[in-house]
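# Analysis of the macromolecular model
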Amino acid sequence: MIAIFGLVIGVAAGLILEPEVPDSMEPYLPIAVVAALDATFGALRAYLDDIFDDKVFVVSFLSNVIIAALIVYLGDKLGVGAQLSTGVVVVLGIRIFSNVAAIRRHIFHA
Amino acid sequence: MPDPNETREADAVEPESTEPEAVEDQAAEPESSKPESTEPESTEDEAAELESMTAESADADGSESDAGDDEAPEAESAETGPEPADAEPADAEPDPASVADDEPAADDDTESTEHDEPETSESESESEPTDETEPAADDAEAEPEAAAATSDDAARPDARRKVLQVLTARPGRAQIPVAILLGVLAFGVVVQGRTVSDSGDFAGARRGDLIQLLDSLDAARDRAETQLQDLQSKKRELENSSTRTQVALQDARDEANTLAILSGTVGATGPGIEIRIDDPASQVGASTLLNVIEELRDAGAEAIEINDTARVVAQTYLADDPDGISVDGTVVKPPFNIDVIGHPHTLSEAVEFPGGVTEIVESLGGSVDVNERETVNVTSLAVRREPQYAQPAD
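This is a predicted model, so every value here is computed, not measured.

## So, the overall build of chain B
Of regular secondary structure, chain B possesses 15 helices and 8 strands. For chain B, buried positions account for 34% of its 394 residues. The contacts of chain B with a sequence gap of at least 6 include a subset with a gap of at least 24, amounting to 73%.

Quick look at the structure:
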């Protein structure tokens, strides 16, 4: 319940505050969001697998976000930021798909 | 016990779906129409959903599973077989454990389910080790999808109840960091969505496309600037030509006015003199009048009119006429009133100088009277003459 409240509060805060993303952060936010999505779906799958641990979730969430942003940052420094961020998105997207597939098998049995 | 009887009947009808509740399950959800759906856990799920039916059905399940439905344990053993690398072993192992874990957590449920599930879990645990040895290879050869389906069947009741539990569970401290992180995620998603939507259509464009777009925009801008310069120069030209046209038109108008006055096609007004020549003896002829006109022209007369009827221009001829003097065919009679526009004093001097017009007229017995006027109106027009033979030469 608290998790859903957190979700709702986050959406409401984003809608109400309408913060401006600083230019220096602009390339990293979408990657960080995708990484966080990956961590979240992984946590949901782990929960359905009964191996969910909130500490693991927090650590994986933060590390996913930070590592994804770091990879993009490194890519920018190396001049391959666009390609590297594409690669990160692809990898995270594959992980999200596999996680969602596992969740779907759990819930819908299909 | 009515339920085992029904199950035997179901067995008689369909050997695969042995349980009546499994039949109900199939009727309720077409997804579970696979033959392996006869697992005791699915019946547990329905037991959780249909709490009124739970006790009896669970008893029936337990009896049947104990009686030795081979298929369900086989399927579960097949789970570990085809997909060991994935999360399947995690599924297979914690399934009984999860049942054990969930039950104390799901205290909100009726106690009957709690009592039921350990039985079934026991039945699974009983059936698994016995089946692992023999039929595992057989079912491993069977379709892996069916095995996965059976694993899903095994996991589904847990998943359903877990989702339900998530929604109904009392908030605990452990959820707080999860809630915070989910809030951060939702915040990031919303902010990013807004940023992308704010930044317009080109946010998702590729670099090559953007470069091409920039190039085309540059080219378009260059073309527009060239066009602008052309148009501005054209505008300047037109303005210049317009000014020149205005000047030329003004010149032409002035010229036309000058020529009109000189040719006598318009009336004229201005300073000048009025000359009155009395000729009681009718001695003043055309030659005398021509002398007068010549003197006036010499003094700069610009418009000359005789008796308000005859305009004197460059081509005017004077001829003696029985009734007087014919000026361009218009007969004028004495006394002659001559209106002259020009410098008044110069004109009057030209008339009155010694040995001039005045003396000639007086010698003929007439008299000349000259008055300088501020304004002299010349209203009569000369006879229009169109040149028949003369053409303008370059």
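Here the narrative resumes.
## So, helix H14 (residues 344–352) of chain B
Helical geometry: 3.6 residues make up each α-helical turn, so side chains three or four residues apart lie on a common side. Residues and elements named next belong to chain B. Taken residue by residue, H14 has Pro344, Leu347, Ser348, Ala350 and Val351 as its buried positions. Each buried residue of H14 sits inside an arc of 155° when the element is viewed along its axis, so together they form one side. Buried residues along H14 sit against strand S1 (268–278), helix H13 (286–298), strand S7 (336–341), helix H15 (357–363) and strand S8 (367–378).

## A look at the confidence of the model for chain B
In low-pLDDT segments, the atomic positions of the prediction should not be examined closely. All names here are of chain B. Looking at chain B, pLDDT values average 67 and 55% of them are 70 or higher. Throughout residues 1–153 the model reports pLDDT below 50, and contacts reaching past four residues in sequence, or to other chains, amount to 205 contacts. Interface confidence in the predicted complex, given as ipTM, is 0.80; pTM for the same model is 0.37.

## Remarks on the sheet that holds S8(B)
Residue and element names in this part refer to chain B. Pairing within the open sheet is antiparallel, and its 5 strands lie in the order S3-S2-S7-S1-S8. Taken across any chain shown, the strands that pair with only one partner, and hence form the sheet edges, are strand S3 (310–312) and S8. Between one strand and the next, the sheet's axes are offset by a mean angle of 20°, whatever the strand orientation. Of the pairings in the sheet, the one linking strand S2 (residues 303–306) to S3 comprises 3 bridges and is antiparallel in character. Bridging across to S3, Glu305 finds its partner in Arg311. Each of S1, S7 and S8 is contacted by H14, which is oriented at about 160° to S8, the strand it contacts most.

## Digging into helix H4 (residues 81–108) of chain A
All names here are of chain A. Look at H4: 39 Å from first C-alpha to last across 28 residues, which is about the 40 Å you get at 1.5 Å a residue. Listed as buried for H4 are Ser85, Val88, Leu92, Asn99, Ala102, Ile103, Arg105 and His106. The first or second residue beyond H4 is His109, which carries a positive phi of 55°.

## Here we look at the packing of H13(B) against H14(B)
All names here are of chain B. Interaxial distance between H13 and H14 falls to 9 Å at its minimum, and their mutual angle equals 140°. Both H13 and H14 take part in a crossing whose hand is right-handed. Of the residues in H14, those in contact with Glu295, Leu296 and Asp298 of H13 are Leu347, Ala350 and Val351. For the contact of H13 with H14, the class distribution of residues is 4 nonpolar, no polar and 2 charged.

## Thoughts on the pairing of S1(B)
Residue and element names in this part refer to chain B. Sheet topology places S1 next to S8; 10 bridges connect them, and they run antiparallel. Paired with Ile275 across the two strands is Val370, which belongs to S8. In the sheet, S1 pairs with S7 via 6 bridges, with the strands oriented antiparallel. Bridge pairing in S7 places Ile277 opposite Phe336.

## Concerning unusual backbone geometry
The backbone of A:Asp50 shows a phi angle near 65°, a positive value even though the residue is not glycine. Among the structural elements, A:Asp50 can be located in the loop between helix H2 (28–48) and helix H3 (54–78). Positive phi, normally seen in glycine, also occurs at B:Asn307, with a value near 55°. Its location among the elements puts B:Asn307 in the loop between S2 and S3. Overall, B:Asn307 belongs to the partly exposed group, with 19 C-beta atoms counted inside 10 Å.

Cut-offs used in this document
- Going along each chain's sequence as written, the residues are numbered from 1 onward.
- To read the labels, note that chains go from A and ligands from 1, taken in the order they are written.
- Local features in a predicted model are, by the rule used here, given only for residues with pLDDT of at least 70; side-chain atom pairs are given and counted only at 80 or more, and totals for whole chains, interfaces and linings are based on all residues.
- A run of DSSP states H or I qualifies as a helix once it reaches four residues; a run of E qualifies as a strand once it reaches two. Both are numbered from the N-terminal end.
- The burial criterion counts other C-beta atoms lying within 10 Å of a residue's C-beta, which is placed from the backbone; the residue is buried at 20 or more, exposed at 12 or fewer, and partly exposed between these limits.
- Distance between backbone-placed C-beta atoms decides contact: two residues are in contact if it is within 7 Å.
- Regarding the arc, it is the one traced by the directions from the helix axis to the C-beta atoms.
- The quantity called pLDDT is the predictor's confidence in a given residue, expressed from 0 to 100.
- Two strands make a pair as long as DSSP finds a minimum of two bridges between them.
- With axes taken as lines fitted to C-alpha atoms, and helix axes fitted only over the stretch in contact, angles between N-to-C directions fall between 0 and 180 degrees.
- Residue count minus one, scaled by 1.5 Å, sets the expected span of a helix.
- Each crossing gets its handedness from the near helix: less than a right angle anticlockwise from the far helix is left-handed, clockwise is right-handed.
- Under the convention adopted here, Pro, Cys and the residues Ala, Val, Leu, Ile, Met, Phe, Trp and Tyr are nonpolar, Asp, Glu, Lys and Arg are charged, and Gly plus all remaining residues are polar.

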